[in-house]
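# Observations on the model geometry
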Amino acid sequence: MDGEWFVVSRVVGIREAKTRLSRIVQDVRQGGEWVITQRGRPVARLVPVDGPSRALGDRIRALEERGWIVRPPKGARVPVPVPVKTPGIAQRFLQEDREG
């Protein structure tokens, strides 16, 4: 399993999550992951409880079969992460954003 992968996000607003909870939980049981938003901002992540461990290749194939990850187009470049030299700065910005 070489190459880069992208996760296809599954995002749902809190109101819609309430009405679709049974379906969302079923999806999570199968390995899915959902981000729940309130007024457009992420507030929670619904993930499966630790289950039986599978090899990385098996997990990648399962995610690909479900359409949750896709290979990038040929020639696409994944940007290099910007190094952060100040410890805790990302957390501080996130907290400020949540409060603001």
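Details of the structure are given in the entry above.
Let me sum up the structure you'll find in this document.

### Some thoughts on the sheet that holds strand 4 (residues 41-46)
Here three strands make up an open sheet; going across it, the order is 2-3-4 and the pairing mixed. Strands with a single pairing partner mark the edges of an open sheet, and in this sheet they are strand 2 (11-13) and strand 4. Mean inter-strand twist for the sheet, computed between neighbouring axes without regard to direction, equals 35°. Lying on the sheet, helix 2 (residues 21-29) is in contact with strand 2, strand 3 (34-38) and strand 4; it crosses strand 3 at an angle near 145°.

### Topic: the environment of Val 70
Locating Val 70 in the fold gives a position in strand 5 (residues 69-70). Assessed through its relative accessible area of 42%, Val 70 is described here as partly exposed. Put simply, Val 70 and Ile 60 are ten residues apart on the chain and 9.9 Å apart in space, counted from C-alpha to C-alpha.

### Digging into the side chain of Thr 37
Structurally, Thr 37 can be placed in strand 3. If we skip the residues at most four places from it in the chain, Thr 37 touches Val 11, Val 12, Gly 13, Ile 14, Pro 42 and Val 43.

### Observations regarding helix 3 (residues 56-66)
Of the positions making up helix 3, those classed as buried are Gly 57, Ile 60 and Ala 62. Those residues of helix 3 hidden inside the fold are in contact with strand 5. Once helix 3 ends, the next one or two residues include Gly 67, with phi positive near 85°.

Rules used in this analysis
- Residues numbered from 1 in each chain as written.
- Predicted model: local features only at pLDDT ≥ 70, side-chain atom pairs only at ≥ 80, totals over all residues.
- Heavy atoms only, no water.
- Pairing = 2+ DSSP bridges.
- Helix = DSSP H or I, 4+ residues; strand = E, 2+ residues; numbered from the N terminus.
- Axes fitted to C-alpha atoms, helices over the stretch in contact; angles between N-to-C directions.
- Contact = heavy atoms within 4.5 Å.
- Buried < 20%, exposed > 50% of the residue type's maximum accessible area, 1.4 Å probe, protein only.

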